[in-house]
Amino acid sequence: MKRKHFKLYLGIAFLASSLLACSDILEEQPRSIYEPGFFTTEKGVNGGLSSLYAHLRYIYGQGYYYNTTLTGTDEYTYAQSADANFKDMDLSGVGSITPSSSRADVLWGAAFPNINTANGIIENGEAVESVSDALIAEARFFRAFDYFLLVQTFGGVPLDLGAGELKFNNSPVRTSVRNTVPEVYTKAIFPDLLQAINDLPDNPRVTGGVTKNVARLYLAKAYLTYAWWLENPNNVPTYPEAARQDPDGHNAAWYHQQAYDIALDGITNPGPYALQETFYDLHLGANDRNNEMMLYADHTEDSEFYNASSLSWSNGAAPENFAAWFVTWNYTTIRSAKDAAWAEEVSSVQREAAQAYGRPWTRMAPTIGVFTNTFADKTLDSRYDGTFVTAFRGNWKKGGVAEDVLYNANGLPVSNGDAILTFLDEDDANVVYPTQTENKANPGFDYSNVGAGTLAGRADFVIEPSAISRLRYPGLWKLGTYRTDSGDGLGQPNGALTRPFYIAKFSEFYFIAAEAAVKGATAEAGYSARDLINVIRARAGKWNWDNNGNAPKVEDNSAAMVAATPAEITIDYILEERSREYFGEGYRWYDLIRTQKWEELAGSYQIAGAGRLDNEAQTITRTIEKHHYLRPIPQGQIDGLEMTEAEKSAYQNPGYN
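Since we're looking at a predicted model, the values are computed, not measured. Every residue gets a number counted from 1 within its own chain, in the order that chain's sequence is written. Since the coordinates come from a predicted model, pLDDT governs what is reported: local features require at least 70, and pairs of side-chain atoms require 80 or more to be given and counted, while whole-chain, interface and lining totals use all residues. The basis for every side-chain value is the complete set of non-hydrogen atoms in the structure, without hydrogens or water.

Caption draft 1: Layout of the overall build of the protein chain. What the protein chain contains, in helices and strands, is 20 helices and 17 strands. We compute the radius of gyration over the C-alpha atoms and compare it with the globule rule, which gives 2.2 Å times the number of residues raised to the power 0.38. On C-alpha atoms alone, the protein chain measures out to a radius of gyration of 25 Å, which is about the 26 Å that the 2.2 N^0.38 rule sets for 657 residues. With the C-alpha coordinates of the protein chain rotated into their principal frame, the extents come out at 80 × 50 × 50 Å. Between buried and exposed lies partly exposed: a residue is buried under 20% and exposed over 50% of the maximum accessible area for its type, with that area taken using a 1.4 Å probe on protein chains only. Relative to its full complement of 657 residues, the protein chain shows a buried share of 63%. Calculation of accessible area relied on Shrake-Rupley with a 1.4 Å probe; when residues are assessed, cover is drawn exclusively from the protein chains displayed. Roughly 22700 Å² of accessible area belongs to the protein chain as shown, and the carbon and sulfur atoms make up 48% of that amount. The average position of the 55 basic charges and that of the 81 acidic charges among the side chains of the protein chain differ by 3 Å. For the purposes of this entry, the term helix denotes a DSSP run of H or I that reaches at least four residues, the term strand denotes a run of E that reaches at least two, and both are numbered from the N terminus. Charge counting follows a simple rule: Lys and Arg are positive, Asp and Glu are negative, and His as well as the terminal groups are ignored. Charge positions come from single atoms, namely NZ of Lys, CZ of Arg, CG of Asp or CD of Glu.

Written out as structure tokens, the structure is:
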């Protein structure tokens, strides 16, 4: 797969304004450029707001940005079919992050045009009598949203895009000055979010629109992140260089308290948001856009125009949603036989537009520690079953294979819907793995075609947690394909996902408040760190469906989950719970750099190799240096600056020159 890079010259207000999915959300004709006069009318403001929502699809669901948020963490490494886009981000000796290779360029290229559009709405729209403060507040939210992403990823970034700080610019500018981290927070992020909380409605103006509580969530998260930045427990350098001092004179403890207070306000004044009853319901495709989902990059299967991508084919480019393909291994290579003698083999698990399957690209693989440590509890805690695909079931008849019965592990018969390959919950010493891939007449032949093992008496091939490899691994069910137009067939698994990509959830209020409490914020009665985490854990103990067992399962293990929560909550425990709750959703790198735990928790990992017969776990060491806590400014940005070489060098983050 070729690298895709996007150049942005600061100050150019170019924006590909595509449309959000649902017909009751937003409608606007695409525009490639906005001029100041456009935002002096109500129609212009509404058009600009449409583009602010639409720009989310150029970041979220965009697989290369998704890669930067997960590859190289304790959640994911590169997989068998990975190219340099993924190997570079892993920092494990097979590549290195450079200004040319870092795929954080996706964020840089999408955020600044959007910020400039928000500047235009705020600067000009406020003078339009028919434009309400609430509409302007939506623009303020998105300006803060983008700056918050940028400052976490790159450090200090420019507030002046060519016409002055936080001013709309419509003239190309080839010079730039980066503001410091405190300036970005205190001049842009905090004021915009505070104003947004004041002016936004409790209920969204349109489906998926931002509200007071969405703004509260991001303000609480920004306060928390900035508090960690001020504290800087592991002496990670910042850039541009700046004293770890707040311009307003507040310390880290003050910001932790603010984070707690705002998050608690969000919990106790939820507006239209709430936790879903079960973790399974939260991610079920048929339950998309539920009231726990506060912000998402939307898509639809009802219209290619509103989906902004084909419903039948995708090339893997924004604004398509294709991130889930990168973490999907090529399960279609699993083989079963038409007869007990294995004279003719067929693909028994075929590519299907279903939540457990979808298009397999095998670019990112979860580490073994995910299954042995993070999700060690697979019995009480429903989040393992509600996150992963561990049972790959036969669907060959949908693909035109006529046989009612095929033959699988141990020569035993299987029917459509039966498990063909299962990732076991625990290691089992009785599993026998193949030792060679050719000549079926010899013992040890790889009948599964993917190096899976067998257990006596079982018709499904099996793989232990310790044998998870870069070639085959559990899929990510929670983000998987969901279509309603497949009928009785395989549907359109090659079309980009038509589901919304979730960005913010109501549940995160509990984690933010708990983390702030651990960092010293004074907690209210009933809302200690343990109380808050236990709300999430209690929900995780509730089952209404066994996802991988494909059968009803009504159990309430909430009491046991709460009882198992440690008496003392630590940052490490919160990070464990965050990974269980948000695994594979793009949170992890930001969690690890915020808490400065990246090297400690992800400095090494285990996984088996990329070959069919690789079943032995290897320990891989990563080289994570302090300068890696910031991504490099994209080379396209550096090249586009008309500045001296010394100035360009100074513009780049240290360690990447």
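Caption draft 2: Region of interest: the side chain of T238. Relative to the helices and strands, T238 resides in the loop between α7 (212-231) and α8 (252-268). Distance and chemistry together define a polar contact, namely a pair of N or O atoms within 3.5 Å, with one atom able to donate a hydrogen and the other to accept it when in protein, and with adjacent residues in sequence counting only for side-chain atoms on both sides. A distance of 3.2 Å separates a polar atom in the side chain of T238 from a polar atom in the side chain of W229.

Caption draft 3: Just unusual backbone geometry, in detail. A cis geometry characterises the amide bond from Y239 onward to P240, with omega recorded as -10°. Relative to the elements of secondary structure, P240 occurs in the loop between α7 and α8. In the segment running from A318 into P319, the intervening peptide bond is cis, with an omega of 10°. As for its position among the elements, P319 is in the loop between α10 (304-307) and α11 (323-326).

Caption draft 4: Inspection of the packing of α8 against helix α13 (residues 508-518) at higher detail. Axis lines are fitted to C-alpha atoms, over the contacting stretch for helices. Their N-to-C directions set the angle, which ranges from 0 to 180 degrees. Relative orientation of the contacting elements α8 and α13 amounts to 150°, with a least axis distance of 8 Å. Here α8 is positioned roughly antiparallel relative to α13, judged by the angle of their axes. When the axes of α8 and α13 are compared, the crossing they make is left-handed. Two secondary-structure elements touch here, α8 through H256, A259, Y260, I262, A263, G266 and I267 and α13 through F509, Y510, I512, A513, A516 and A517. Any angle that falls under 35 degrees is termed roughly parallel, while one over 145 is termed roughly antiparallel, one within 65 to 115 roughly perpendicular, and all others oblique. It is the rotation of the near helix from the far one that decides the hand of a crossing: anticlockwise by less than a right angle makes it left-handed, clockwise makes it right-handed. By definition in these notes, contact holds between two residues if any of their heavy atoms fall within 4.5 Å.

Caption draft 5: Looking closely at the pattern of salt bridges. Any carboxyl oxygen of Asp or Glu that lies within 4 Å of a side-chain nitrogen of Lys or Arg is treated as forming a salt bridge with it. Using the criterion set out here, one finds 38 salt bridges in the structure. For D90, the salt bridge identified is with R622, shortest N-O distance 2.8 Å. One end of the pair, D90, is in helix α3 (residues 84-90); the other, R622, is in the loop between β17 (618-621) and α19 (635-640), and 532 residues separate them in sequence. Residue classification places R622 among the buried positions, given a relative accessible area of 5%. Ionic contacts of the salt-bridge type, sharing partners, join the residues E292, D381, R383, R537, R539, E576, E577, R580 and E581 into one network.

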